[in-house]
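A closer look at the structure
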Amino acid sequence: MNGTMNKKEFTKKVLQYVKDALPEELAEAQVCTASLDLWADGARMVLLVIRPWDSTTIGFCLDKWYQGYLDKKETAETTAAAVINDRRLYCIPQGNSMNLEGGAVIYA
């Protein structure tokens, strides 16, 4: 692909890299992207990973990584690696009353 990718192209590439590189424990995870309008300053593009063992959805906002790509500090590959290596994807600390099974957590 020549030139600079737009946000949609960047997101699609990150999505594919994440799908292709998930470790065995997340091989059955569902991975998708969505534009979510949950913030006061407008919608953000997020990558969602739904863990197969408890259906918890972990979301990663891609907007900052896309800006890093535009600033030539990030690539789709380094973004995917950051997602895959984020320990929060594998384990979320839970307090006594916190049960996230089937819930969602999005990291901005």
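Residues numbered from 1 in each chain as written. Predicted model: local features only at pLDDT ≥ 70, side-chain atom pairs only at ≥ 80, totals over all residues. Heavy atoms only, no water.

Observations regarding the packing of helix α1 (residues 7-21) against helix α3 (residues 76-84)
Each pair of packed helices can be summarised by the angle the axes make with each other and by the distance between the axes. One can describe the packing of α1 onto α3 by two numbers: an axis separation of 9 Å at closest approach and a directional angle of 50°. When the axes of α1 and α3 are compared, the pair comes out oblique. The crossing of α1 and α3 is right-handed. The segment α1 lies against α3, with F10, K13, V14, Y17, V18 and A21 engaging A76, E77, T79, A80, V83 and I84. Taken together, the residues that form the contact of α1 with α3 break down as 9 nonpolar, 1 polar and 2 charged. (Axes fitted to C-alpha atoms, helices over the stretch in contact; angles between N-to-C directions. Helix = DSSP H or I, 4+ residues; strand = E, 2+ residues; numbered from the N terminus. Parallel < 35°, antiparallel > 145°, perpendicular 65-115°, else oblique. Left-handed = near helix turned anticlockwise from the far one by under 90°. Contact = heavy atoms within 4.5 Å. Nonpolar A, V, L, I, M, F, W, Y, C, P; charged D, E, K, R; others polar.)

Focus: the packing of aromatic side chains
Inspection of every chain in the model, using the stated rule, returns 3 aromatic pairs. Site record: aromatic cluster; members linked through ring pairs are F10, Y66 and Y69. (Phe/Tyr/Trp six-rings, centres within 6.5 Å; stacked < 30°, edge-to-face > 60°.)

Concerning α1
Given 3.6 residues to a turn, an α-helix orients residues that are three or four positions apart in the same direction. Look at α1: 21 Å from first C-alpha to last across 15 residues, which is about the 21 Å you get at 1.5 Å a residue. Contact partners of the buried residues in α1: β1 (30-36), β2 (44-50), α2 (63-70) and α3. For α1, the capping residue at the N-terminal end is N6, with a side-chain oxygen 3.0 Å from the backbone nitrogen of K8. (Expected span 1.5 Å × (residues − 1). Polar contact = N/O pair within 3.5 Å; in protein donor to acceptor, adjacent residues only side chain to side chain.)

Brief notes about the pairing of β2
Regular strands show a simple pattern: their side chains alternate between the two faces of the sheet. Most of β2 sits out of view: 6 of its 7 residues are buried. Pairing analysis gives 7 bridges linking β1 to β2, with the strands arranged antiparallel. By the bridge assignment, A34 is partnered in β2 with V46. The sheet contact formed by β2 and strand β3 (residues 57-61) spans 5 bridges and is antiparallel. Its bridge partner lying in β3, V49 is registered against I58. The turn linking β2 back onto β3 is made up of 6 residues, and S55 within it adopts a positive phi angle of 60°. (Buried < 20%, exposed > 50% of the residue type's maximum accessible area, 1.4 Å probe, protein only. Pairing = 2+ DSSP bridges.)

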